[in-house]
Structures are given as C-alpha cells and as structure tokens.
Amino acid sequence: MGKIFIVIGVVFIIIGLVWGIFGRLPGDISFKKGNVSFHFPIMTSIIVSVILTLIMFIIGRFR
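Cut-offs used in this document
- Residues numbered from 1 in each chain as written.
- Predicted model: local features only at pLDDT ≥ 70, side-chain atom pairs only at ≥ 80, totals over all residues.
- Heavy atoms only, no water.
- Helix = DSSP H or I, 4+ residues; strand = E, 2+ residues; numbered from the N terminus.
- Rg over C-alpha atoms; globule rule 2.2 N^0.38 Å.
- Buried < 20%, exposed > 50% of the residue type's maximum accessible area, 1.4 Å probe, protein only.
- Areas by Shrake-Rupley, 256 points an atom, 1.4 Å probe, with all protein chains shown as cover.

Our next topic: the overall build of the protein. Of the regular secondary structure elements, the protein holds two helices and two strands. N-terminal to C-terminal, the α/β element order of the protein is α-β-β-α. What you see for the protein is a C-alpha radius of gyration of 16 Å, clearly larger than the 11 Å of a compact globule of 63 residues, by over 25%. Its C-alpha atoms put the protein at 50 × 25 × 15 Å along the principal axes. Expressed as a percentage of its 63 residues, the buried residues of the protein come to 6%. Entry remark: accessible area of the protein is about 5900 Å², with carbon and sulfur atoms responsible for 77%.

Below you can see the structure in the form of structure tokens.
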C-alpha cells in the first residue's frame with residue numbers, strides 16, 4: 001500500500017512539472033477583470049487526456 005502512495009506522489013510531481021510548462025497553451029480561455037482572473041485550460045485538458053489515453057492503451061496492451 002505504501003509503494004502505491006509513493007508512485008502516485010511521483011506521478012503528481014511529474015504532472016505538476018509538465019503542467020507548468022504547458023499551462024497556458026493557445027486555446028485556453030483566460031479572463032481578467034479588475035482583481036479577478038479566471039483561467040480555463042481547454043487545450044491543456046485535451047492534450048493531457050490524449051496523453052493519458054495513450055498511456056492507458058499501452059499499459060492495457062501489455063497486461
């Protein structure tokens with residue numbers, strides 16, 4: 001059980017580092033009005049979804 005938490009933690013660290021690089025792609029929606037800002041990462045979410053789908057597909061092929 002402890003090993004699973006370590007792997008999940010490492011995965012979250014990697015996702016955080018990658019998210020910092022790809023955090024604001026063209027296609028992401030950003031609004032800023034006064035001291036309120038709103039950011040909705042549509043393209044980033046699509047790219048992350050495609051990457052995770054490919055990873056899960058590859059893992060499923062080897063099971």
